[in-house]
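# Secondary and tertiary structure notes
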Amino acid sequence: MCGICGEVSFAGMADIRAIEQMSQKLKQRGPDAGGAFAQDNLALGHRRLSIIDLSSSSQQPMVDPELGLAIAFNGCIYNYRDLRAELGSKGYRFFSEGDTEVILKAYAAWGPRCVERFYGMFAFALWERDSGRVVLARDRLGIKPLYYTRTNQELRFASTLPALLGAGGVDTEIDPVGLHNYMSFHAVVPPPRTIFKGVKKLAPATLMIIEPDGSQREEVYWQVAFGTRAEDRNLSEGDWREAVLSALKAAVKRRTIADVPVGVLLSGGLDSSLVVALLADSAASDLKTFSIGFERVGNIEGDEFRYSDLIAKQFGTDHHRIRVDSSRALSSLPGVISAMSEPMMSHDAIGFYLLSEEVAKHVKVVQSGQGADEIFAGYHWYPPLMNSNDPVSDYARVYFDRDHKEMKQAIEPPFMNGDYSREFVEEFFDEVPGSRPIDRTLQLDTEIMLVDDPVKRVDNMTMAWGLEARVPFLDHEVVELAAKVPAELKVRDGGKYILKEASRSVIPGDVIDRPKGYFPVPALKYIRGPFLEFVRDVLSQPAAKSRDLFNPDYVQRLLDNPEGELTPKGHSKLWQIALLEGWLQAHGI
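Residue positions are given per chain, counted from 1 along the sequence in the order it is written. Two thresholds apply to this predicted model, a pLDDT of at least 70 for residue-level local features and 80 or more for giving and counting side-chain atom pairs, whereas whole-chain, interface and lining totals are computed over all residues. Side-chain measures here rest on the full set of heavy atoms in the structure, leaving out hydrogens and waters.

Of the regular secondary structure elements, the protein holds 23 helices and 17 strands. A radius of gyration in this sense is built from C-alpha atoms; the matching globule rule multiplies 2.2 Å by the number of residues raised to 0.38. For the protein, whose C-alpha radius of gyration is 23 Å, the value lies close to the compact-globule estimate of 25 Å for 589 residues. In terms of its C-alpha atoms, the protein occupies a principal-axis envelope of roughly 65 × 60 × 50 Å. The buried label applies to any residue whose accessible area, calculated with a 1.4 Å probe on protein chains only, is under 20% of its type's maximum; exposed applies above 50%, and partly exposed to all values in between. Split into buried and exposed, the 589 residues of the protein put 63% on the buried side. For the protein, the exposed surface amounts to about 21300 Å²; the carbon and sulfur share of it is 46%. Positive charges are assigned to Lys and Arg, negative charges to Asp and Glu, while His and the chain termini are left out of the count. Charged side chains are reduced to one point each, which is NZ for Lys, CZ for Arg, CG for Asp and CD for Glu. Charge-centre separation for the protein: the mean point of 67 positive side chains lies 2 Å from the mean point of 82 negative side chains. A run of DSSP states H or I qualifies as a helix once it reaches four residues; a run of E qualifies as a strand once it reaches two. Both are numbered from the N-terminal end. Surface accessibility in these figures is a Shrake-Rupley result with a 1.4 Å probe; residues are shielded only by whichever protein chains are displayed.

The following block contains the structure:
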């Protein structure tokens, strides 16, 4: 896993200085090595985190003069050895032992749709020397990010939004639609938008093909459809149970491909515990697991060590407990905010950031349990949507941070021109006619919320410390299977029913049947003391006051009652506003 950047110029030679500036901003994502390639109107930059083929043979950007191709690649192709063997039988010769070169040969053999053969997470830019064409690609579930900005003169792209800012020339005017999404849709800004008018992000499962004349087009190469298939109606609960466990075993095993040790982020919940169990079952030796905990605030627990300890003991892992006091959490906030590619309000960003800091001292790769709640219906808002007569309203009520009335109170009139977030959900649901409300909701959360909330958060916080996170629940075969499981077998008994039942043969019932937990960071839910002072300081900065995004009376209302103004998901509305302002200030906006 690495960081990539590049420029396609439409007016002459590409600017190598821009590549250097963007690459510098990506150094944390790839601390092991860096490189650049430039020819004519193209320039590519790369920062390397060495995971597969640690030799210089897999250094990037990688150029294959025989094929006339060059690539900058971020991610991991788990089935690269099988693809290499298949390509070798076709006569392709290899000069390295890694997965990057396999992409080049696969592209030469099968064209842009070679991505349909990849099991993995990836974002890459590939250049055809002879045609001048450039192809940008992103994996099916958007695990690896890719942002871009375009003017009449050039198109630039990078693994993070701040890297684009580093090269300058970006339109940073606030996009009212992106702002509305951030404040209402729990900080999720659906692609291609971001908080800035001048920056877009490539959607998951999408190819962008850029021609030498500057024209561009996009192709979606994969889409999952939630709902029961006719051919599966005779399958029993036992059949589904067996299929789920089998698919997850394969997904976890795929993600052990590495030339360095692989650990696990162990929260103590069902999902990460199952990953540990399946890794132990696959004969992983000396498995390292890591858990984090914070101080209690009031009656809110700050850790789940009793559950993670139980799993670590049962499977004999080399377990590391990391306890963080409030002072360390507070001092880390500027680093957390700077590490975000886009502002993300969820409290657990700081948890993943501090956990990753410690984990990176021991391993370079971890597996994590993100994605299970979305694809197997683990959240509390799914049961009400099983047979909803008004799914848009019901979804908005249980998920949106603010309704439209409160949005008008919060945001200043120049940025408040429509109920954009609700309109997005309406349009999304309309595009999947015939499916049940619960299936539409699961599809929305898998395609949109999952990508731009938990998956992005884990990528940003782990890569801030040069740590690669792999997510077996987002193996595309696991997602395709979960989509076919009848909704009744997912939402039953509080959610994730079929996953819980599939897990009973491998992990303790105490972990399976415990109340659902979240990554607890109480100090950012109930903001008080030095955390409240941090928020006041951010919101009192001249940049915040001159920006005029938020109604001062609304902000003061939140400051007067910081612990009483929470979203339906239990997050601080005050922290949401302060986080956005802090993120803008951290990046000089």
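A surface patch of like charges, here negative, comprises E423, E427, D430 and E431. Here E431 is to be found in the loop between α14 (420-430) and α15 (437-463). Candidate patch residues must exceed 30% relative accessible area and have no salt bridge, after which like charges are joined if within 9 Å and Val, Leu, Ile, Met, Phe, Trp or Tyr side chains if within 5 Å. Basic side-chain nitrogens of Lys or Arg form a salt bridge, by our definition, when they fall within 4 Å of a carboxyl oxygen of Asp or Glu.

Per the stated rule, a full pass over the model turns up 51 salt bridges. Its salt-bridge partner being D459, residue R29 comes within 3.0 Å of it at the nearest N-O pair. Residue R29 is located in the loop between α1 (16-25) and β2 (33-39), and its partner D459 is located in helix α15; the two are separated by 430 residues in the primary sequence. In terms of burial, R29 and D459 fall into one category: buried. In this structure, R217 engages E211 in a salt bridge whose closest nitrogen and oxygen atoms are separated by 3.2 Å.

Spatially, five strands are ordered β15-β14-β13-β16-β17 in an open sheet, and the strand pairing comes out parallel. Each edge of the open sheet is held by one strand with a lone partner, namely β15 (318-324) and β17 (468-470). Adjacent strand axes in the sheet meet at a mean angle of 30°, parallel and antiparallel pairs treated alike. Two strands qualify as a pair provided DSSP detects at least 2 bridges between them. Judged from the seven bridges that link them, strand β14 (residues 288-294) and β15 form a sheet pairing that is parallel. The residue bridging F294 from the neighbouring strand is V324, located in β15. Between N-to-C directions, angles span 0 to 180 degrees; the directions come from axes that are lines fitted to C-alpha atoms, helices contributing only their stretch in contact.

Taking 1.5 Å as the rise per residue, helix α23 (residues 573-586) with 14 residues should run 20 Å; its terminal C-alpha atoms sit 20 Å apart, in good agreement. Among the 14 residues of α23, twelve are classified as buried, and the element is accordingly described as predominantly covered. All of the buried residues along α23 are K573, L574, W575, Q576, I577, A578, L579, L580, E581, G582, W583 and L584. N-cap assignment for α23: the residue whose side-chain oxygen lies 3.3 Å from the backbone N of L574 is S572. Looking one or two residues past α23, G588 carries a phi angle of roughly 70°, positive in sign. What a helix should span is 1.5 Å times the count of its residues minus one. Any N or O atom pair separated by 3.5 Å or less is treated as a polar contact, with the protein-specific requirement of one donor-capable and one acceptor-capable atom, and with residues adjacent in sequence counted only for side-chain atom pairs.

Attention shifts here to the sheet that holds strand β6 (residues 120-128). The antiparallel open sheet is built from six strands, whose spatial order is β4-β5-β6-β7-β11-β12. Across the chains shown, the open sheet's two edge strands, defined by having one partner strand only, are β4 (62-64) and β12 (216-220). Between one strand and the next, the sheet's axes are offset by a mean angle of 20°, whatever the strand orientation. Contacts are assigned to residue pairs that have any heavy atoms within 4.5 Å of one another. In this fold helix α3 (residues 99-110) packs onto β4, β5 (69-77), β6 and β7 (134-138), with an angle of close to 120° to the strand it touches most, β5.

Quick look at the nonpolar core now. What makes a nonpolar core is a set of buried Ala, Val, Leu, Ile, Met, Phe, Trp, Tyr and Cys residues whose side-chain atoms join them at distances within 4.5 Å. Ranked by internal contacts, the top residues of the largest apolar core, which has 108 residues, are F118 and F124. Once residues lying within four places of it in the same chain are set aside, the contact partners of F124 are I4, I71, A72, F73, I103, V115, F118, V135, L136, A137 and L146. Within the second largest apolar cluster, 76 residues are counted, among which are I19, Y182, I322 and M407.

So, on to the packing of helix α6 (residues 237-254) against helix α7 (residues 270-281). Packing of α6 against α7 leaves a shortest axis separation of 9 Å and a crossing angle of 75°. In terms of axis orientation, α6 runs roughly perpendicular to α7. Seen from α6, the contacting residues are L245, L248, K249 and V252; seen from α7, they are L274, V275, L278, L279 and D281. Put simply, Ala, Val, Leu, Ile, Met, Phe, Trp, Tyr, Cys and Pro go in the nonpolar bin, Asp, Glu, Lys and Arg in the charged bin, and everything else, Gly too, in the polar bin. Of the residues belonging to the contact of α6 with α7, the class tally is seven nonpolar, no polar and two charged. Angle categories are assigned with fixed cut-offs, so that under 35 degrees is roughly parallel, over 145 is roughly antiparallel, 65 to 115 is roughly perpendicular, and the rest are oblique.

With respect to the helices and strands, the residue A163 is situated in helix α4 (residues 161-166). A163 gets classed as buried once you look at its relative accessible area, which sits at 0%. For the pair A163 and S23, spaced 140 residues apart in the sequence, the C-alpha separation amounts to 7.2 Å. If we ignore the near neighbours within four places in the chain, the residues touching A163 are M22, K25, L26 and A158.

Before going further, it helps to spend a moment on the environment of V455. Tracing the chain through its elements places V455 in helix α15. Accessibility expressed as a relative area gives 5% for V455, which makes it buried. With 132 residues separating them in the primary sequence, V455 and R323 have C-alpha atoms 24 Å apart. With sequence-adjacent residues up to four places away left out, V455 is seen in contact with G142, I143, L450 and L474.

What follows is about the packing of aromatic side chains. Each aromatic pair joins two rings of Phe, Tyr and Trp (for Trp, the six-membered one) with centres within 6.5 Å, and gets the label stacked for planes under 30 degrees apart, edge-to-face for over 60, and tilted for any other angle. According to the stated counting rule, one finds 18 aromatic pairs in the structure shown. Between the aromatic rings of F185 and F424, the centroid separation amounts to 6.2 Å while the plane-to-plane angle is 50°, which identifies the pairing as tilted. Of this pair, F185 sits in the loop between α5 (176-184) and β10 (200-201) while F424 sits in helix α14, and the two are 239 residues apart along the sequence. On the accessibility criterion, F185 (0% relative accessible area) is buried.

Moving on, we get to the layout of surface pockets. Grid points spaced at 1 Å and placed over the protein atoms alone form the basis of the search, with a cavity being a set where a 1.4 Å probe fits but cannot get out and a pocket an open set showing protein on both sides within 12 Å along at least five of seven lines. Lining residues have an atom within 4 Å of a point. Grid points are joined across faces, edges and corners, and a volume is the space filled by probe spheres set on the points. Reported here for the second largest pocket is a volume of approximately 690 Å³. Forming the walls of the second largest pocket are 28 residues, and the residues nearest its centre are P191, A203, F424, E447 and I448. For the lining of the second largest pocket, the elements supplying multiple residues, two or more each, are α5, β12, α14 and α15. The element best represented in the lining of the second largest pocket is α14, accounting for five residues. Classifying every residue of the lining of the second largest pocket by side-chain character gives 16 nonpolar, four polar and eight charged.

What follows concerns the pairing of β12. Where strand β11 (residues 206-210) and β12 come together, five bridges link them in antiparallel fashion. Paired with L207 across the strands is E219, a residue of β12. Counted along the chain from β11 to the antiparallel partner β12, the turn is five residues long, and its residue G214 has a positive phi close to 95°.

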